[in-house]
Amino acid sequence: VENLLGVLPKVQAAQRAASSRAEANAYSVRNELMADCLAGVWAYWMNRRHANVDEADVRQAVATATAIGDDRLQRQAQGTVVPDSFTHGSAQQRVHWLTVGLQGGSVSSCDTFRTTEP
């Protein structure tokens with residue numbers, strides 16, 4: 001979806017032009033958070049159309065987003081968290097953006113590059 005929206009090529013160009021690995025990683029994080037939000041948008045509209053997403057599904061999605069946050073994975077693997085090395089976002093960030101998509105169902109609300117949100 002991000003490729004169809006024209007976001008992915010811009011992110012890749014920005015990563016190539018980045019002055020540091022931390023800056024390139026920050027672009028990756030924002031891109032991945034947008035994907036989380038877009039997944040929420042998809043679920044919102046599928047539920048509107050088919051009424052097939054219930055509270056248990058939402059709880060499972062939030063649990064999964066939490067489990068695959070870079071902070072949690074790093075803490076489990078190495079015992080410490082290094083935010084500059086994140087490539088997908090923290091658990092809190094992932095849950096936040098998934099929830100934004102789930103609640104609003106609007107692609108325009110998923111612009112993780114133009115916000116001060118986590």
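Whatever comes next refers back to the structure up there.
This write-up is about the structure you can find in this document. Position numbers for residues start from 1 in each chain and track the written sequence from start to end. Residues qualify for local features only when their pLDDT is at least 70, as the model is predicted, and side-chain atom pairs are given and counted only at 80 or more; totals for whole chains, interfaces and linings, by contrast, use all residues. In computing side-chain properties, one takes all heavy atoms of the structure into account and sets aside hydrogens as well as water.

1. Some words on the pattern of salt bridges
Threshold: We define a salt bridge as a side-chain nitrogen of Lys or Arg found within 4 Å of a carboxyl oxygen belonging to Asp or Glu. The way it works is that DSSP assigns letters per residue, a run of H or I at least four long becomes a helix, a run of E at least two long becomes a strand, and they are numbered from the N terminus. Between buried and exposed lies partly exposed: a residue is buried under 20% and exposed over 50% of the maximum accessible area for its type, with that area taken using a 1.4 Å probe on protein chains only.
By the definition in use, this model includes 2 salt bridges. Two residues, R94 and D36, come together in a salt bridge whose shortest N-O distance is 2.8 Å. Residue R94 is located in helix 5 (residues 91-104), and its partner D36 is located in helix 2 (residues 21-50); the two are separated by 58 residues in the primary sequence. There is no split in this pair, since R94 and D36 are both buried. Residue D111 pairs with R114 through a salt bridge whose shortest N-O separation is 3.2 Å.

2. Let's talk about the environment of F86
Where we set the bar: Should any heavy atoms of two residues lie within 4.5 Å, those residues are considered in contact.
Along the polypeptide, F86 turns up in the loop between helix 4 (70-78) and helix 5. Among residues more than four places away in sequence, those in contact with F86 are N25, V29, D70, D71, Q74 and V81.

3. Quick word on helix 1 (residues 7-17)
The test is simple: The arc in question is formed by the directions pointing from the helix axis toward the C-beta atoms.
Taken residue by residue, helix 1 has V7, V11 and A14 as its buried positions. Buried residues of helix 1, viewed axially, fall in a sector of 65°; they line one side. Exposed and oriented more than 90 degrees from the buried face of helix 1 are R16 and A17. The secondary structure elements touched by the buried residues of helix 1 are helix 2.

4. Some words on the side chain of D70
Threshold: Residues scored as positive are Lys and Arg, those scored as negative are Asp and Glu, and His as well as the terminal groups of each chain are ignored.
With respect to the element layout, D70 can be found in helix 4. Lacking a salt bridge, the buried D70 has R94 as its closest oppositely charged neighbour, with an N-O distance of 6.1 Å. With near-sequence residues (within four places) excluded, D70 lies in contact with F86, T87, H88, G89 and S90.

5. Focus on the environment of A65
Secondary-structure assignment places A65 in helix 3 (residues 55-67). Each C-alpha atom, one on A65 and one on S90, is 9.0 Å from the other, the two residues being 25 residues apart in sequence. Look past the residues within four positions of A65 in its chain and what remains in contact with it is A91, R94, V95 and L98.

6. Digging into a nonpolar patch on the surface
Selection criterion: What goes into a patch is any residue over 30% in relative accessible area without a salt bridge, connected to like charges within 9 Å or, for nonpolar side chains (Val, Leu, Ile, Met, Phe, Trp, Tyr), within 5 Å. Only the protein chains shown count as cover for residues, and all accessible areas are computed by the Shrake-Rupley method using a 1.4 Å probe.
A contiguous nonpolar patch, built from V1, L5 and V107 and spanning about 280 Å² of accessible area, is present on the exposed surface. For V1, the location among the structural elements is in the segment before helix 1.

7. A few points about the packing of aromatic side chains
The cut-off we apply is this: Note on ring pairs: Phe, Tyr and Trp rings are taken, using the six-membered ring of Trp, and paired if centres are within 6.5 Å. Classes follow the plane angle, with under 30 degrees stacked, over 60 edge-to-face and the rest tilted.
Tallied over the full model, the rule gives 1 aromatic pair. Judged by centre distance (5.0 Å) and plane angle (80°), the ring pair of Y44 and W45 falls under edge-to-face. Overall, W45 belongs to the partly exposed group, its relative accessible area being 41%.

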